[in-house]
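Structural overview for review
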Amino acid sequence: MPSLSNSDELIFFVNGRKVIEKNADPEVNLLFYLRKILHLTGTKYGCGSGGCGACTVMVSRYDPKTKKIHHYPVTACLVPICSLYGAAVTTVEGVGSIKTRIHPVQERLAKCHGTQCGFCSPGMMMSIYTLLRNHPEPTPEQITEALGGNLCRCTGYRPIVESGKTFCAASTVCQMKGSGKCCMDKEEKSFTSGQEKMCTKLYNEDEFQPFDPTQEPIFPPELIRMAEDPNKRRLTFRGKRTTWITPVNLNDLLELKTRFPEAPIIMGNTAVGPSIKFRDEFHPVFISPLGLQELYFVNSTDDGVTIGAGYSLAQLNDALHFIVSEQPKEKTKTYHALLKHLRTLAGAQIRNMATLGGHVVSRPNYSDLNPILAAGNATINLISKEGKRQIPLDGRFLEKSPEANLKSEETVLSVYIPHSTQWHFVSGLRIAQRQENAFAIVNAGMSVKFEDGTDTIKELQMFYGSVGPTVVSASKTCQQLIGRQWNDQMLSDACRLVLDEIYIPPDAEGGMVEYRRTLIISLLFKFYLKVRRGLNKMDSHKFPDIPEKFVSALEDFPIETPQGIQMFQCVDPYQPLQDPVGHPVMHQSAIKHTTGEAVFVDDMPPISQELFLAVVTSTRAHAKIILIDTSAALALPGVVDVITAEDVPGENNYQGEIFYAQNEVICVGQIVCTVAADTYAHAKEAAKKVKIVYEDLEPRIITIEQALEHNSFLSAEKKIEQGDVEQAFKNVDQIIEGKVHVEGQEHFYMETQTILAIPQEEDKEMVLHVGTQFQTHVQEYVAAALNIPRNRVACHAKRAGGAFGGKVSKPALLGAVSAVAANKTGRPIRFILERGDDMLITAGRHPLLGKYKIGFMNNGVIKAADIEYYINGGCTPDESELVMEFMVLRSENAYYIPNFRCRGRPCKTNLPSNTAFRGFGFPQAIVVGEAYITAVASQCNLTPEQVKEINMYKRTSRTAHKQTFNPEPLRRCWEECLEKSSFSARKLAAEEFNKKNRWKKRGLAVVPMKFTVGMPTTFYNQAAALVHIYLDGSVLVSHGGCELGQGLHTKMIQVASRELNIPESYIHLSETNTTTVPNATFTAGSMGADIHGKAVQNACQILKARLQPVIGKNPKGKWEEWISEAYEESISLSTTGYFKGYQTNMDWKKGEGDAFPYFVYGASCSEVEVDCLTGAHKLLRTDIFMDAAFSINPAVDIGQIEGAFVQGMGFYTTEELKYSPEGVLYSRGPDDYKIPTVTEIPEEFNVTLVRSGNPIAIYSSKGLGEAGMFLGSSVLFAIYDAVAAARRERGLTKTFTLSSPATPELIRMTCVDQFTDMIPRDDPSTFTPWSIHVS
Ligand SMILES: Cc1cc2nc3c(=O)[nH]c(=O)nc-3n(C[C@H](O)[C@H](O)[C@H](O)COP(=O)(O)OP(=O)(O)OC[C@H]3O[C@@H](n4cnc5c(N)ncnc54)[C@H](O)[C@@H]3O)c2cc1C
Ligand code: FES
Ligand code: FES
């Protein structure tokens, strides 16, 4: 490499403080720098790829030209620190803190209940804060837009949006649909439902501090001086392996480009950054002209507009909005098309980082802008030392044809986009797994020019993205259509031609081949209709309009700001003021969440001598390990050791779970060894150098079908049966049989699995800090792996950043893996899984194959059901057997079927072991039930709701496993749901809509639910607590439950407050650990608050009884006085509390028992609109009625219901795991696994807590952590309803099965029509597909 000057100092500001970095390394990103160098741990790591928003911070820069300060959000994980010279960074710590003053954004996000686990909260807060810095009174739409790049896995977004909306000007706030009321009008409303008085106010806005935008910190004057310095010079930062150069002006840039032609130009780093991180690209030199004035301009002329290459996509958006507002409509068609895609391209952070030049040059095959720019005849202005030239941004450029490319020494100066003209139409079309912040599955830019005054094609251009390795041009098709009339015959020929020209091979990367082929012509059809409509608008006499029924096909779904009402029981007016039970109390850690002061494991400061662990995982599904060669890894700098199975002093294969693979591997992703090094970067680099030689073994079982072929199971069959099923089948009018496939789900907790294992000096003690739901299990596995008694292992769990079942068993395995490393090296081990490793190693919800045979009468009464379940358990037992037991026990759901049999078995496959997941089998299993109910309805010409009503439990009954229950709350939820959602009227309206619209269909569905809480074994339901009262009157509560975001600790404080009759502020709850409360059961099964509440209550009651004599003597005394008096009387002020557990049992031999302490009931109604041409859907409205009995904390419970519903909705619609036929998981991050964002949630989202009784539980409450998950299936069945309408219109009346998830692919391909008929199909026996389903 040519020699360069020595390194410059990197100067920037963080939270108002100057940072001078003398050794700035271009390979270091801002997130790492903040967390590990500056120890500002409020900014979180969630994915490292720009896709989750957990790391959002605000960057501010001064523009010397305009003399303005520009604030924008960025994802710190993609910002190289070297790009920050002269910038001011604001992190969550700089916005506000509990120690100084919290900011109104932090306060309102917390008080509106916008945090649960709190891991996404700093990022959410920063997105809203940055918006407010630019728009102190934003519109609701701006709030939703600002949050589009931030994922939250807990809340369901509604309360987050609501907190943002409190900053909106009153006049812009919504009107509740039809009611004339504003959803921001949070004055206490009370409604009467039956005998109950209902409240709607979950927070009190009078408590909010006013927001005064003038009080924000000023931009550092030093940075203004630096920006205006006339003597600026080139900057060079030399790292260990790479050099970063910031040219001082354009000439300098050209000079550098000549000198280092291969060096990438780093602008937003949103293309280069991920390539370096995930594709191992290496560049010795980076040139970064970020901020170079010559690249930032807009130049508008009569013919078009030239936009500087440095403009971010957000600035491009603003510039185009301005031009559109200035120019006549006919000139702005290209700009409108670009604006439409700019709204949904990535999230606000990426749009503010990514630049026009970077986008055009990087030419991703999924590019949303390049196809439109090409269709709009844009050109690229290039500059080099040789001079300037222009190249067309056309098909050859996009297809990366070498002669159409820029030369390596050239830089893009700007992009010229001509105005459109009168007889010229330009459109952008796209479909993605989710509406916003998702790469297109297929997109297109199309344009047509007509001979003036005619519909004769003069010029036609069609560019498609995501149909091959580059954006492709359908140039031959376009050429052949020139001179043709714009009519149906032309369309039909165009479809045929374009399918010939753009061929997606059957085994193409990305899969979805038939769907993508269909989209090629479906999008073309949309364009055809748009143009026809446009022609008609220009001359309605000459050009007939499209049929009215087709009009709705033209528009994409709008993005609306969600709104809704939450209703819950009001607190008894006679309840003492101090008693917090029943009140919507804010999460105990909420303010800490929003200020970033809540400490998660990786936020703990470095421990002396600590090492980082990186994993080496198996690349084969089933193979013998021939050799593990660690020599190259051990030779690398910083590497301390490589740990393998040989290093496990105790058991390596414990209860069937294997810590380090030994001799053979049984899935892709199994941990073979780990590397311990002084930094994570070193550990990771070394992990890549470990060489493993495998020899494949047979069989390799990936799918359930393959497991059934090989008779490969993890445990014996579980069965329940009532009546005489075989006999009943003989006496029914009809019998149907079917299969339902339900794919798996990734937990996608925002905090990946994290463990800090610290070996102690004495007695082989090991201390672990871990984000878990089951600290006892971690303790057990660590003790087994190290061959030490459990009393030497202390496991601390302060909080987890989401868990959802994924942190029940897996932390034990990972804890053992890290403890073995800590034991071997004798040093603390920090083991933080990267998102990709987490998704690969820890697996998730079990995919299910459900088979059914149903016997029913023509009036819809179901007489007999024979159900079989098979789940894909993966390679080890984990919890699969228990999951299957739960599935079988809950299989009947809300319906009484007199002759009912359900059998199930978990399959053993060579996939990573699937595990617990919210709902524990219920969300998969019950879809089968709803599917056969829907099928019966279709056979009987009834609606599914009628068949549900007919077969639903109506009076006190016994379940199929012979447990007595009273379904009265189920009936109430069902009936209220139908009534309050105006189901019948809306169903009629949807039918009307469907008659009038050919390509968009609406559907509604209501699903009832009978869910179970707790475990069928009493000892699993036991719990303990430890309560200390200190001499100042303060109280410390400990219990065995883990805080995962579900508000468990908050509820426990409410319980202790009521029982001890003291304010909540007296009570503290610090963490969960194995040293204070031993042998605690898992925090799962919706029973955390139930059982720990009883234990805390018991402890408090014991203490209260001990205090009674003292209180009796001085009844008017204060709490503090009683405590000191008690101490002086030698009364113990500390006790344990205990709950033996609910009495439950299940006899599997007989198939009967009182398996569950009680049931939770609910119903939900959802309405969707489906775009039959693309498969996209929009969730218009959801109404949930959930039997909460008595809610201890309505804010927490509603939060759980909404969060679970949205997680369920994701499971049933957008979330799709992709596996190769060899068992390799492709979907390993937010780029290719799509959990819902703020745009997916219902436009109108109403939740009502229905009051009932539950005397066996604490304060007659119910556990609501999981129940909402299944209610998300109302979206799946509403989609089914809409798709059925589309199929009926085509004359397809036969029953069909919609499997889960109902992705755009599945929806589109089920809405069969002339386009799906037209595409080429391949014989499945002739190719190996890119991905397979494993259910
Ligand atoms: C999370 C995420 C989501 C995304 N979602 C979408 C999406 O939905 N739709 C979509 O279309 N795109 C999406 N993208 C891609 C994004 O649009 C591109 O990565 C971005 O536009 C690239 O711009 P950049 O400034 O960051 O480029 P950089 O990464 O800085 O550079 C990219 C390349 O361009 C070259 N380059 C940059 N500027 C110039 C110049 N002036 N002259 C010559 N060469 C130059 C560089 O040498 C480099 O090779 C997403 C990206 C991320 C990270
Ligand atoms: S960690 Fe940066 S976006 Fe996810
Ligand atoms: S609160 Fe948003 S991820 Fe947990």
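Remember, predicted model here, so these are calculated numbers, not experimental data. (Residues numbered from 1 in each chain as written. Chains lettered and ligands numbered in written order. Predicted model: local features only at pLDDT ≥ 70, side-chain atom pairs only at ≥ 80, totals over all residues. Heavy atoms only, no water.)

A few points about the overall build of the chain
Threshold: Starting at the N terminus, helices and strands are each numbered in turn, a helix being any DSSP run of H or I of at least four residues and a strand any DSSP run of E of at least two. In this setup the radius of gyration rests on C-alpha atoms only. A globule is expected at 2.2 Å times the number of residues raised to 0.38. In this description, contact between two residues means that some pair of their heavy atoms is separated by no more than 4.5 Å.
Within the chain, the secondary structure is distributed over 39 helices and 48 strands. A compact globule built from 1335 residues would reach a C-alpha radius of gyration of about 34 Å, and the chain, at 31 Å, matches this within 12%. Dimensions of the chain, computed from the C-alpha atoms along their principal axes, are close to 95 × 80 × 70 Å. The long-range share in the chain, meaning contacts at least 24 apart out of those at least 6 apart in sequence, stands at 78%.

A word on the side chain of N994
Note the cut-off: The term polar contact refers here to a pair of N or O atoms within 3.5 Å; inside protein, the definition further demands a hydrogen-donor-capable atom paired with an acceptor-capable atom, and it admits residues adjacent in sequence only when both atoms are side-chain atoms.
With respect to the secondary-structure elements, N994 resides in helix α31 (residues 983-996). Of the polar contacts made by the side chain of N994, one reaches the backbone nitrogen of R1002; its length is 2.6 Å. In this view, N994 contacts K1000, K1001, R1002, A1285 and E1289; residues no more than four positions away in its chain are not counted.

Quick word on the site of ligand 1
We apply this condition: In this text, near means that some heavy atom of the residue lies within 4 Å of the molecule or strand in question. The Shrake-Rupley method, run with a 1.4 Å probe, gives the accessible areas here. Residue values count only the displayed protein chains as cover. Lys, Arg, Asp and Glu make up the charged group, whereas Ala, Val, Leu, Ile, Met, Phe, Trp, Tyr, Cys and Pro make up the nonpolar group; the residues left over, Gly among them, are polar.
Close contacts around ligand 1 come from 31 residues, with M267, T270, T355, D368 and V412 the closest. At 2.7 Å from an oxygen atom of ligand 1 is found a main-chain nitrogen or oxygen belonging to M267. Protein burial of ligand 1: of its 970 Å² of free accessible surface, 94% is covered by the chains. Secondary structure elements with two or more residues in the shell around ligand 1: α13 (356-362) and β15 (411-418). Taken together, the residues of the shell around ligand 1 sort by class into 17 nonpolar, twelve polar and two charged.

Remarks on the environment of Q433
Tracing the chain through its elements places Q433 in the loop between β16 (424-432) and β17 (440-450). Taking the C-alpha atoms as reference points, Q433 and D1232, 799 residues apart in sequence, are found 9.2 Å from one another. Beyond its immediate sequence surroundings of up to four residues, Q433 is in contact with I441, T1214, E1216, K1234, T1303 and P1304. A distance of 3.1 Å separates a polar side-chain atom of Q433 from the backbone oxygen of T1214. Within polar-contact distance, the side chain of Q433 engages the side chain of E1216 at 3.4 Å.

Structural notes on the sheet that holds strand β44 (residues 1072-1073)
Rules: Paired strands, in this sense, are two strands between which DSSP finds at least two bridges.
What the eight strands build is an open sheet, ordered β23-β27-β21-β34-β31-β32-β33-β44; its pairing is mixed. Since the sheet does not close on itself, it has two edges, and those belong to β23 (639-643) and β44, each with one partner. Sheet topology note: the strand β33 (residues 793-797)/β44 ladder contains two bridges and is antiparallel. Opposite H796, over in β44, you have N1073 as the bridge partner.

Focus: the packing of helix α10 (residues 313-326) against helix α11 (residues 333-344)
Working note: a packed helix pair is described by the angle between its axes plus the distance between those axes. Put simply, the test is: Angular values range over 0 to 180 degrees, each being the angle between N-to-C directions of two axes fitted as lines to C-alpha atoms, with helices fitted over their stretch in contact. Orientation labels follow simple angle bins: below 35 degrees gives roughly parallel, above 145 gives roughly antiparallel, 65 to 115 gives roughly perpendicular, and whatever is left gives oblique. Definitions for this section: a left-handed crossing has its near helix turned counterclockwise from the far helix by less than a right angle. A right-handed crossing has that turn clockwise.
Here α10 crosses α11 at 140°, and the two axes come no closer than 10 Å. Taken together, α10 and α11 sit at an angle that is classed as oblique. Along this stretch, α10 crosses α11, giving a crossing that reads as left-handed. On α11, the residues touching L313, L316, N317, L320, H321, I323 and V324 of α10 are Y335, H336, L338, L339 and L342. Tallied by class, the residues present in the contact of α10 with α11 amount to nine nonpolar, three polar and no charged.

Structural notes on the packing of aromatic side chains
Inclusion rule: Two aromatic rings from Phe, Tyr or Trp, using only the six-membered ring of Trp, form a pair when their centres are within 6.5 Å; if the ring planes differ by under 30 degrees the pair is stacked, by over 60 it is edge-to-face, and anything between is tilted. When the NZ atom of lysine or the CZ atom of arginine is within 6 Å of a ring's centre and also within 35 degrees of its normal, the charge is said to sit over that ring.
The final tally for this structure, using the stated rule, is 40 aromatic pairs. Site record: aromatic cluster; members linked through ring pairs are F425, F450, W486, F525, F527, Y528, F550, W999 and F1315. If you follow K948 out to its NZ or CZ, it ends over the ring of F1277, 5.9 Å from the centre. Sitting above the plane of the F993 ring, R1002 keeps its charged end 4.1 Å from the centroid.

Looking at the confidence of the model for the chain
Rules: You can read pLDDT as the predictor saying how much it trusts each residue, on a scale of 0 to 100.
Across the chain, the average pLDDT comes to 96, with 98% of residues at or above 70. Overall, residues 171-187 carries pLDDT values under 50, and its contacts beyond four positions in sequence, including any with other chains, amount to 41 contacts.

A word on the pattern of salt bridges
A pair can form between side chains of opposite charge whenever their charged atoms are brought close. Our working definition: Whenever Lys or Arg places a side-chain nitrogen within 4 Å of a carboxyl oxygen from Asp or Glu, that contact is recorded as a salt bridge. Accessibility here uses a 1.4 Å probe with only protein chains present; expressed as a share of the type maximum, an area under 20% marks a residue as buried, one over 50% as exposed, and anything in between as partly exposed.
Summed over the entire model, instances satisfying the criterion amount to 76 salt bridges. A salt bridge links K1010 to E892; its shortest N-O distance comes to 2.8 Å. Taken as a pair, K1010 in strand β40 (residues 1000-1013) and E892 in the loop between α27 (880-890) and β37 (899-907) lie far apart in primary sequence, 118 residues in all. In this structure K1010 comes out as buried when scored by relative accessible area, which is 4%. Through salt bridges with shared partners, a single ionic network connects R35, K36, K44, D602, D603, E610 and R830.

Here's the deal with a negative patch on the surface
Cut-off, in case you're wondering: Patch criteria: residues need more than 30% relative accessible area and no salt bridge. Like-charged residues are merged within 9 Å; nonpolar side chains of Val, Leu, Ile, Met, Phe, Trp and Tyr are merged within 5 Å. In this tally, Asp and Glu contribute negative charge and Lys and Arg positive charge; neither His nor the terminal groups of the chain are included. Here the site of a charge means atom NZ of a Lys, CZ of an Arg, CG of an Asp or CD of a Glu.
Taken together, the side chains of E761, E762, D763 and E765 make up a negatively charged region of the molecular surface. Mapping E761 onto the fold places it in the loop between β31 (754-759) and β32 (766-770).

A look at the state of the cysteines
Heads up, the rule is: We call a pair of cysteine sulfur atoms a disulfide when they lie within 2.5 Å.
The tally for this structure, following the rule as stated, stands at one disulfide. Each disulfide pairs two cysteine sulfurs, and for C199 the partner residue is C570, the sulfurs being separated by 2.0 Å. Sign of the S-S torsion, about 120° for the bond between C199 and C570, identifies this disulfide as right-handed. You can see C199 sitting in strand β7 (residues 196-199) and its partner C570 sitting in the loop between β20 (566-569) and α19 (590-595), a full 371 residues away along the chain. For the residue pair C199 and C570, the accessibility class agrees, reading buried in each case. Free cysteine: C795, not disulfide-bonded; nearest cysteine sulfur from C1042 at 8.1 Å. What makes C795 buried here is its relative accessible area of 0%.

What to know about the sheet that holds strand β14 (residues 387-392)
With respect to topology, five strands assemble into an open sheet ordered β11-β12-β15-β13-β14, the strand pairing being antiparallel. Only two strands of the sheet have a single neighbouring strand rather than two, namely β11 (298-300) and β14. Between one strand axis and the next, the sheet turns through 20° on average, direction left out of account. Examined bridge by bridge, strand β13 (residues 379-384) and β15 share five bridges and lie antiparallel to one another. Residue I383 lies in a different strand from β15, and its bridge partner there is T411. Helix α8 (residues 250-259) rests against β13 and β15 of the sheet, and its axis sits at about 115° to β15.

Comments concerning helix α37 (residues 1273-1289)
Let me state the cut-off plainly: For a helix, the expected span equals 1.5 Å multiplied by the residue count minus one.
Helix length check: α37 (17 residues) gives 24 Å between terminal C-alpha atoms against 24 Å at 1.5 Å per residue, within 8%. Counting buried residues in α37 gives 15 out of 17 residues, a clear majority hidden from the surface. Of the residues one or two after α37, G1291 is the one with positive phi, at around 85°.

Quick word on the nonpolar core
For clarity, the threshold we go by: Put simply, a nonpolar core is a bunch of buried Ala, Val, Leu, Ile, Met, Phe, Trp, Tyr and Cys residues held in one set by side-chain atoms that sit within 4.5 Å of each other.
Within the largest apolar cluster, 266 residues are counted, with the highest numbers of intra-cluster contacts made by Y464, W486, I854, I867 and Y869. Among the elements that make up this core, the one with the highest residue count is helix α18 (residues 513-538) (13 residues). Membership of the second largest hydrophobic core comes to 88 residues, among which are V19, A309, V324 and L345.

Looking at the pairing of strand β36 (residues 862-872)
Let me state the cut-off plainly: The handedness of a crossover follows from its direction of travel: if, with the strands pointing away from the viewer, the path from the first strand over the helix to the second runs clockwise, the crossover is right-handed.
With respect to burial, β36 is a largely interior element, nine of its eleven residues being buried. Alignment of strand β35 (residues 848-856) against β36, held across nine bridges, turns out to be antiparallel. Within β36, the position partnered with Y852 by the bridge is I867. Where β35 folds back on β36, the antiparallel hairpin that results is connected by five residues, among which G860 adopts a positive phi of roughly 95°. Two elements, β36 and β37, share nine bridges in a ladder whose sense is parallel. By the bridge assignment for β37, A864 is matched with N899. Assessed by its sense of winding, the connection that carries the chain from β36 through α27 to β37 is right-handed.

Here's the deal with a nonpolar patch on the surface
A grouping of I626, L627 and V693 is seen on the molecular surface, where their side chains present a nonpolar patch of about 230 Å² in accessible area. Within the secondary structure layout, I626 lies in strand β22 (residues 623-629).

So, the environment of G1141
Summarising the element assignment, G1141 is placed in the loop between β45 (1134-1139) and β46 (1158-1171). Separated by 370 residues in sequence, G1141 and G771 have C-alpha atoms that sit 25 Å apart. Those residues in contact with G1141 that sit more than four places away from it in its chain are T1018, N1021 and Q1022.

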